[in-house]
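Structure assessment
Each chain, written out:
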Amino acid sequence: MIQAEEFVEAARNFGFGWYTGVPCSFLTPFINYVINDVQLKYISAANEGDAVAIAAGAAIAGKPAVVMMQNSGLGNAVNPLTSLTYIFRIPLLLICTLRGDRNLQDEPQHELMGQITDKLLETMTVPWEYFPTDAAEIEPVLQRATAYMQQERRPYALIMRKGAIAPHALTRSSIPERENSASAHIQQSFFQDNRVSRSEALARIVELIDAENTVIIATTGYTGRELFASKDSANHLYMVGSMGCASSMGLGLSLARPDLKVVVIDGDGAALMRMGNFATIGTYGGANLTHILLDNEVHDSTGAQATVSAGISFAKIAEACGYGVTLAGDDPSLLDALFTADANTRPKFAHLKIRPGTLEKLPRPNLTPEAVLQRFMKHIGNS
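Reading guide: rules and limits
- Residues numbered from 1 in each chain as written.
- Predicted model: local features only at pLDDT ≥ 70, side-chain atom pairs only at ≥ 80, totals over all residues.
- Heavy atoms only, no water.
- Helix = DSSP H or I, 4+ residues; strand = E, 2+ residues; numbered from the N terminus.
- Contact = heavy atoms within 4.5 Å.
- Areas by Shrake-Rupley, 256 points an atom, 1.4 Å probe, with all protein chains shown as cover.
- Lys, Arg positive; Asp, Glu negative; His and termini not counted.
- Charge placed at Lys NZ, Arg CZ, Asp CG, Glu CD.
- Salt bridge = Lys/Arg side-chain N within 4 Å of Asp/Glu carboxyl O.
- Buried < 20%, exposed > 50% of the residue type's maximum accessible area, 1.4 Å probe, protein only.
- Phe/Tyr/Trp six-rings, centres within 6.5 Å; stacked < 30°, edge-to-face > 60°.
- Pairing = 2+ DSSP bridges.
- Axes fitted to C-alpha atoms, helices over the stretch in contact; angles between N-to-C directions.

**Description of the overall build of the protein chain**
If you tally the helices and strands in the protein chain, you get 15 helices and 14 strands. C-alpha atoms of the protein chain, sized along the principal axes, occupy 60 × 50 × 40 Å. Pairs at least 24 residues apart make up 75% of the contacts formed inside the protein chain by residues separated by at least 6 positions. Summing over all exposed atoms, the protein chain offers an accessible surface of approximately 16700 Å²; the carbon and sulfur share of this is 50%. Averaging the positions of the 31 positive and the 39 negative side-chain charges in the protein chain gives two centres separated by 4 Å.

**Describing the pattern of salt bridges**
A full pass over the atoms with the stated rule returns 17 salt bridges. Among the salt bridges present, the one from Glu 9 reaches Arg 12, with a minimum N-O distance of 2.7 Å. In this pair, Glu 9 and Arg 12 both sit in helix α1 (residues 4-13), 3 residues apart, roughly one turn of the helix. Since its relative accessible area comes to 24%, Glu 9 is described here as partly exposed. Take Arg 12: its relative accessible area is 27%, and that puts it in the partly exposed class. Put simply, Arg 195, Asp 295, Glu 297, Asp 330 and Lys 353 are held in one network by salt bridges that share partners.

**Structural notes on the packing of aromatic side chains**
Each aromatic ring pair is characterised by the separation of its centres together with the angle its planes make. Counted according to the given criterion, the structure contains 11 aromatic pairs. Taking 4.6 Å as the distance between ring centres and 35° as the angle between the ring planes, the aromatic pair formed by Phe 7 and Phe 131 counts as tilted. Note that Phe 7 is positioned in helix α1 and Phe 131 in the loop between β5 (128-130) and α6 (135-152), a separation of 124 residues in sequence. Their ring planes at 25° and their centres at 6.2 Å tell us that Phe 278 and Phe 314 sit as a pair that is stacked. With Phe 278 in helix α12 (residues 276-284) and Phe 314 in helix α13 (residues 314-321), this residue pair connects regions lying 36 residues apart in the sequence. Judged by its relative accessible area of 0%, Phe 314 is buried. Within the aromatic cluster, the residues linked to one another by ring pairs are Phe 7, Tyr 19, Phe 30 and Phe 131.

**Structural notes on the sheet that holds strand β2 (residues 41-44)**
The 6 strands lie next to each other as β2-β1-β3-β4-β6-β5, forming an open sheet whose pairing is parallel. The sheet is open, and its two edges are formed by β2 and β5, each paired on a single side. This sheet shows a mean twist of 20° between the axes of neighbouring strands, independent of strand direction. Bridging between strand β1 (residues 18-21) and strand β3 (residues 65-70) involves 4 bridges; their strand directions are parallel. Bridging from a neighbouring strand, Thr 20 pairs with Val 67 of β3. The sheet contacts of helix α5 (residues 111-123) involve β4 (93-97), β5 and β6 (156-160), and relative to β6 the element is tilted by about 180°.

**Things to note about the sheet that holds strand β14 (residues 348-353)**
Taking strand neighbours across the sheet as the criterion, the 6 strands line up as β8-β7-β9-β10-β14-β13 in an open arrangement whose pairing is parallel. In this open sheet, the two edge strands, each paired with only one partner strand, are β8 (236-238) and β13 (325-329). For this sheet, the mean inter-axis angle between neighbouring strands, taken without regard to orientation, is 15°. Direction of pairing for β13 relative to β14: parallel, over a ladder of 5 bridges. What sits directly across from Ala 328, in β14, is His 351. Lying on the sheet, helix α14 (residues 333-340) is in contact with β9 (261-267), β10 (289-295), β13 and β14; it crosses β14 at an angle near 180°.

What is shown is where atoms sit, not what they do.
See below:
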């Protein structure tokens, strides 16, 4: 195990001052150290592919850049790694975590990617080695990486295993201050503790629906786990992995089963990652689809790094995309208004601000994802 400072300061000596990516719990100390240093640049990307492209832009401007991501999101980065950085020969340093490590008991959504991360990088002709876990290894690793990047002008990857970096506390926000009302909101709301909790919001949603003809699809991370903790039920589908895909999956189900009421519970990080789906839902979705965004302005399950949601009006985006009802606020009564509103033939949307944090000793579903799905399909009469 090394200290975040040891690697980041060594990387700074090699010219790396720009960082971008999507958080992973393995990366939390590393990202926190970068955010805390005002001389370093950290950009919170909506998805891993965007992070690669952001870093590529910095690199061609003469700023050596580091892209950080969880291997479960490596698939999002395949296109820019193969059709942008490879074709244009843009060197980037990739730090990719190894969730689903064969030597680690991990979540089911990481199993396959844990087996193929190295092979996927090799298929994309991205050379890799393991992230250093001893201070003496740091400089030689950076020497090999930069030598390759300078010679080939293409990316080089470091695969980070769990526990590679010691904890490091976050002391500042990664969101820049701006002289406008949105910025003031960002600064005031970054660690709000007077809003409703996620678990309280989920409990109210469960109370408001008719479990017989309504299903709930909960996004990955703490949302699905807290819904399970609140009330496990056959009409619940707890997403794992596939960040941002809950709304897409909910749209497909609602279109294929117009007799069902489908409630999608999203998070701000997930909504930002797949914001294009707002337009798809607004175009194709019907009144049987209800889309709820629980927004705590952070990536909660990976260390509470800020997202950029504090300055975003998701309700206005949903309205512009064609949703029939669009509500926003931080009062949980918003949920009551949502479920009683008439959207005619269009989907409904609510953007509810909540506070960061989760339940102590938060349990995980005691069923496998396959078992959860089979139970869900049986509930809707499709097994």
